[in-house]
Amino acid sequence: MQTVTSPDVSQGVRQVEIGPERDGQRIDNALMTLLKGVPKSMIYRILRTGQVRVNGKRAKPDTRLTAGDMLRIPPVRVAERPEMQGPSPGQMASAAEAVIFEDKHFLVIDKPTGMASHGGSGVSHGAIELMRAARPNDHLELVHRLDRDTSGVLVFAKTRAGLTGLQAAIRDNQVVKQYLCLMVGHPSKARFDVNAPLAKFVLQGGERMVRVSDNGKPSLTFFREIEQYPGARLMQATLGTGRTHQIRVHAAHIGHPLAGDPKYGDREANKRFRELGLQRLFLHASHMSFELDGRSYSFSAPLPDDLRKFLETIASKGKSVR
């Protein structure tokens, strides 16, 4: 039985019986789907003020739903806005062409740089919206995220079992996630780990940042040299934890920020690299692997042409890059 909604007309309250497709889902994530178009801030406000209830009890944002639960959703008023234009055929085709794997549980794309994982913050259509538009008959959920400037392996779930299973594996650090990145300068070792806790903070202008802090969450990245270039090293970064901007902040923390990084990078180095053709952050999600229900999954995406061509350029320029 699917999730069923029964409106209480007199009160404007919705009573939703949770179906098996939402079994185990966090209530905040469920509300974002059930209340399409409602801002996240409003969803967390009605949760914080106790207006959302599960089986008569007040719910918290991290409350997990169970099939058969009765979910009470209060009336939510949203100012009417002009209907948002859907993605263009070209945008949908670009997303569809990026598919590198599909089975009954997962759909995987090699996300191009510049494409957000999801809409919001000035982005009308992210990868998940584009894929849903391109695949209207599929139920797709975003399993994890990549920064807008980061290219590479991005996984969508087609089933509830796939979504909850992979997200649980990610939480339990049972997923191998590897990236290719270009570090500015020459790290002293070919293999090294960065074990430094990370904390989020907000600048006065509202920009969100991450920094190394004793009060932060434990964060671990394993770096291994792949190739040497004048003024830089191509590295493989394997995540021991999955914090926001982890690789970028850890690289900057040891004095070798990522090439092209506008937030944490070296301004002068970025200027030199930009003059040689690097127009983006040099960070690519190259590999993800895990096991689920006795099956092994392994997804890989090669280094994009723009990054490979840039490496060829700096290799030929020699000392002028240093």
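Residues numbered from 1 in each chain as written. Predicted model: local features only at pLDDT ≥ 70, side-chain atom pairs only at ≥ 80, totals over all residues. Heavy atoms only, no water.

### Quick look at empty space enclosed by the protein
Per the counting criterion, the structure on display carries one cavity of 30 Å³ or more. Counted as a void, the largest cavity has a volume near 50 Å³. Forming the boundary of the largest cavity are His144, Leu146, Val153, Lys177, Gln178, Tyr179, Ala285, Ser286, His287 and Met288. For the lining of the largest cavity, the element with the most residues is strand S16 (residues 283–292), which contributes four residues. Taken together, the residues that form the lining of the largest cavity break down as five nonpolar, four polar and one charged. (1 Å grid on protein atoms, 1.4 Å probe; cavity = no way out; pocket = protein on both sides within 12 Å on 5 of 7 lines; lining within 4 Å. Points joined across faces, edges and corners; volume = space filled by probe spheres on them. Helix = DSSP H or I, 4+ residues; strand = E, 2+ residues; numbered from the N terminus. Nonpolar A, V, L, I, M, F, W, Y, C, P; charged D, E, K, R; others polar.)

### Some thoughts on the environment of Gly231
Looking at where Gly231 falls in the secondary structure, it is placed in the loop between strand S14 (220–229) and strand S15 (232–239). Taking the C-alpha atoms as reference points, Gly231 and Ala315, 84 residues apart in sequence, are found 9.7 Å from one another.

### A closer look at the pairing of strand S9 (residues 151–157)
Here S9 lies mainly inside the structure; seven of its seven residues are buried. With six bridges joining them, strand S7 (residues 106–111) and S9 adopt antiparallel strand pairing. Bridge pairing links Leu107 to Phe156 in S9. Strand direction decides the pairing type here: strand S8 (residues 141–142) and S9, joined by two bridges, are antiparallel. Note that in S9 the partner of Glu141 across the bridge is Ala157. Of the strand pairs in this sheet, S9 and S16 are connected by two bridges, and their pairing is parallel. Opposite Gly152, over in S16, you have Ala285 as the bridge partner. (Buried < 20%, exposed > 50% of the residue type's maximum accessible area, 1.4 Å probe, protein only. Pairing = 2+ DSSP bridges.)

### Topic: the confidence of the model for the protein
For the protein, the average pLDDT comes to 88, and 90% of its residues sit at 70 or higher. At the low end of the mean pLDDT range in the protein sits strand S1 (residues 4–8), at 51; at the high end sits S15, at 98. Below pLDDT 50 for its whole length, residues 7–11 participates in four contacts with residues either more than four positions away or in separate chains. (pLDDT = per-residue confidence, 0-100. Contact = heavy atoms within 4.5 Å.)

### Here's the deal with the packing of helix H1 (residues 27–34) against helix H2 (residues 40–48)
At a closest axis distance of 10 Å, the pairing of H1 and H2 adopts a crossing angle of 125°. Judged on the interaxial angle alone, H2 and H1 are oblique. The two elements H1 and H2 cross, and the hand of that crossing is right-handed. Across the interface between the two elements, Ile27, Asp28, Leu31 and Met32 of H1 pack against Lys40, Ile43, Tyr44 and Leu47 of H2. (Axes fitted to C-alpha atoms, helices over the stretch in contact; angles between N-to-C directions. Parallel < 35°, antiparallel > 145°, perpendicular 65-115°, else oblique. Left-handed = near helix turned anticlockwise from the far one by under 90°.)

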